[in-house]
Amino acid sequence: MSWVERFRMNGLPRWAAAAALIAAPLASAHGEDDMLIEGARVFDGTGAKARVADVLVADGRIVAVGSDLSAPAGTERIDGRGKTLIPGMHDLHTHTRSPAYNAPEDLPKAWAGYLVNGVTTINDFSVSGEMIGPIRELVGPGKFWAPHLNQAIRFGVPGGHGTEYGWGSFFTMPTTTARAAKFLMPRALSYDPDVIKVFADGWRYGRDPDVMSMNENTLSAIVEDAHAGGKPVITHTVTLEGAKVAAAAGVDAVGHGVGDALIDDELIRLMRSKGTSYIATLVVYEPQEERALSAAEIAVLSTGERADEPRRRGGTIGEYDARRWKIMRENIGRLRKARIPIGIGSDAGIGGVYHGHGALREVWWLAQLGLTPAEALVSATRVSAEIMNLEGDRGTIAPGKRADLVLVDGEPDRDIDDLFRIARVWQSGREVPLAELRAFRDGAETTALPAEKMAGPVLSQSRKDGRTDLDTLPVATTDPGIDHSHLIAVDKPGGKPVFLAAQMGASPRPYVQWVLPLTRGPINVADASDFAGVELVVKGGGEYRLVIESYGLHGSDWFAAAFSPADEAAALRLPFAAFRSADAEAVLDLTQLRALRVHLSGATGGTASLEVETIRFYRD
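Residues numbered from 1 in each chain as written. Predicted model: local features only at pLDDT ≥ 70, side-chain atom pairs only at ≥ 80, totals over all residues. Heavy atoms only, no water.

Visitor: Explain the pattern of salt bridges residue by residue, including any values.
Guide: The full count for this structure, using the stated rule, is 44 salt bridges. Of the charged contacts in the structure, one is a salt bridge between Arg-594 and Glu-105, with a shortest N-O distance of 3.2 Å. Linking Arg-594 in strand 29 (residues 593-601) with Glu-105 in the loop between strand 6 (89-94) and helix 3 (107-115), this pair joins segments that are 489 residues apart in sequence. Judged by its relative accessible area of 17%, Glu-105 falls in the buried class. Overlapping salt bridges, with partners in common, bring together Glu-130, Arg-463, Asp-465, Arg-467 and Asp-471 in one network. (Salt bridge = Lys/Arg side-chain N within 4 Å of Asp/Glu carboxyl O. Helix = DSSP H or I, 4+ residues; strand = E, 2+ residues; numbered from the N terminus. Buried < 20%, exposed > 50% of the residue type's maximum accessible area, 1.4 Å probe, protein only.)

Take a look at the structure:
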């Protein structure tokens, strides 16, 4: 019986079977972490020239690097002759919840994209604090394969970039003063993030009106408290003046790169004195209208990415895009000459910047702009690990380091095009099943995630900590724009109703939503298939909607039902059959729910309110 059949017969939940099918090829009778890679060209990431050597690995760590190494009996021997062994690479700027083309969110497939391309550590800037714990529970031996995940808490400025999409203060913590930053940081650190991301620069590239930027005092306060908590800080910085503010505040790296002016001596001095590095994310600014991927690059893309790529080409490059692209490329040469550390980040998940491939192309671009191929590889390995304060754990091939290793067909330290020829990958000494992950990534179905059976109550006002009966945190979202609407949920203690008060913004169709996650994050899915609908005990006047957030559907296709509460609190029952989607072909799968969203709308500049006593799933 094959391992596939065994998992099917074991009656595992669908999500567990998906994870297990990928993990199964790793099973072995002896420690899979023990191996001896023999005779490879070892490029160790320090900047030293590659040399032919053996690398001994035990218990997920590198034990020795040298010639003619011996190994204990039972150690797996791997022939590395004719290939180059490099440290696992990094991508310090990703958005894994966005697939970079028209497809639903699929975290396990995004993670697979990094590993099959030799990227073993990433920074994820697409999560909120409530998502960090559930995501950590999804990955690891016997679960989903994923690169080492550095998950971020985000800070921004009201009316600035990062806060203008209407995702709410739970997703990007808004702050305008040092006092506010110091008030918010304990809340951020309570989630134990791996990195702090700050949207500090409001320049919109000359394409759109600029938005608010963060001042140095506020950013310095964030840096001080984050560093005290052991967390590095990376900014969204796109202007010369913004980079000076960020460097003066002592951030670990400016992200996105300067695109409005050439870097000057003042910025260089600030970056040197403060130890600030640079992450350019060139690939997100590369004009896709004229982007030409090599055959080797096309080969590493997923089926969906290959289908998407031709749609990116053609059209006219905007004047502001062309000018920014020219400046950004020249700035790389200036930084290299000044010996400012340059790390690797891609902004993957943004349209056309594909997970995994984006990091490789970023390395490739550095090698086109003045860095040698060897220097570009050091940026992807040692330098990126140093930016994250992880150099003691990974980033180079040396005894004691984590065995994140990539075996490449060719010599990428001499010919950067060879970087797209990944032969084998190890993460913490475990070999990544490349063929299985590539097939999994190409699958048409959205990956199944753990499902949590709903018991009925969602919000009964029985808790005193502001959380739901499901131990989830209600949050507010709004229409997009720096002039978006605002929602305040007044949660009265003692089992009293929640009063929702909305001030509508300047949009012609303003709205707010009070989001009740059905699982923490929400990341996992909720199974409400035992129920007939949703019952709300509410009081208000006007028209409202209840939106069901569903995994596997685009937000525009989520199902919704209208309801009209009375002047006095009363129960309203909304059967699932009454919910409709804008997509006539969409299906409401009651085993794949994520959240219930109470939707309030009104006139531009007007107000709306609703009093909510309880919400629950009901049976017939």
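Visitor: Describe the confidence of the model for the protein chain, and please don't skip the residues or the numbers.
Guide: Put simply, the protein chain has an average pLDDT of 93, and 95% of its residues get 70 or more. A low-confidence stretch, residues 1-12 stays under pLDDT 50, and its non-local contacts, those more than four residues away or across chains, total 12 contacts. Segment residues 24-31: pLDDT under 50, and 11 contacts once partners within four positions in sequence are set aside and those in other chains are kept. (pLDDT = per-residue confidence, 0-100. Contact = heavy atoms within 4.5 Å.)

Visitor: Break down helix 14 (residues 373-387) for me, citing the residues and quoting the values.
Guide: Here helix 14 contains 15 residues, and its C-alpha end-to-end distance of 20 Å stays within 8% of the 21 Å for a straight helix at 1.5 Å per residue. At Ser-379, helix 14 shows its strongest bend, of approximately 40 degrees. Of the positions making up helix 14, those classed as buried are Pro-373, Ala-376, Leu-377, Val-378, Ser-379, Ala-380, Thr-381, Val-383, Ser-384, Ala-385 and Ile-387. Looking one or two places after helix 14, you find Asn-389, whose phi comes out positive at around 60 degrees. (Expected span 1.5 Å × (residues − 1). Bend = angle between axes of the 7 residues up to and from the residue.)

Visitor: How would you sum up the packing of helix 7 (residues 240-249) against helix 8 (residues 265-274)? Please name residues and give values.
Guide: One can describe the packing of helix 7 onto helix 8 by two numbers: an axis separation of 9 Å at closest approach and a directional angle of 25 degrees. When the axis of helix 7 is compared with that of helix 8, the two are roughly parallel. For the pair helix 7 and helix 8, the sense of crossing is left-handed. Contact with helix 7, carried on its side by Leu-240, Ala-243, Lys-244, Ala-247 and Ala-248, involves Glu-266, Leu-267, Leu-270, Met-271 and Lys-274 of helix 8 and no other residues of that element. When its residues are assigned to classes, the contact of helix 7 with helix 8 shows 7 nonpolar, no polar and 3 charged. (Axes fitted to C-alpha atoms, helices over the stretch in contact; angles between N-to-C directions. Parallel < 35°, antiparallel > 145°, perpendicular 65-115°, else oblique. Left-handed = near helix turned anticlockwise from the far one by under 90°. Nonpolar A, V, L, I, M, F, W, Y, C, P; charged D, E, K, R; others polar.)

Visitor: Lay out a nonpolar patch on the surface with the relevant residues and their values.
Guide: Taken together, the side chains of Ile-488, Val-490 and Phe-499 make up a nonpolar region of the molecular surface, amounting to roughly 250 Å² of accessible area. On the secondary structure map, Val-490 appears in strand 21 (residues 486-491). (Patch = residues over 30% accessible without salt bridge, like charges linked within 9 Å, V, L, I, M, F, W, Y side chains within 5 Å. Areas by Shrake-Rupley, 256 points an atom, 1.4 Å probe, with all protein chains shown as cover.)

Visitor: Which residues make up the nonpolar core, and what values go with them?
Guide: Phe-155, Ile-196, Val-198, Leu-219, Tyr-278, Leu-282 and Ile-332 are the most contacted members of the largest nonpolar core, which has 109 residues in total. Not counting residues within four places of it along the chain, the set of residues in contact with Val-198 comprises Phe-155, Met-214, Leu-219, Ile-222, Val-233, Ile-234, Thr-235 and His-236. Formed by 39 residues, the second largest nonpolar core is a distinct cluster that contains Leu-500, Ala-528, Phe-531 and Phe-579. (Core = buried A, V, L, I, M, F, W, Y, C linked by side-chain atoms within 4.5 Å.)

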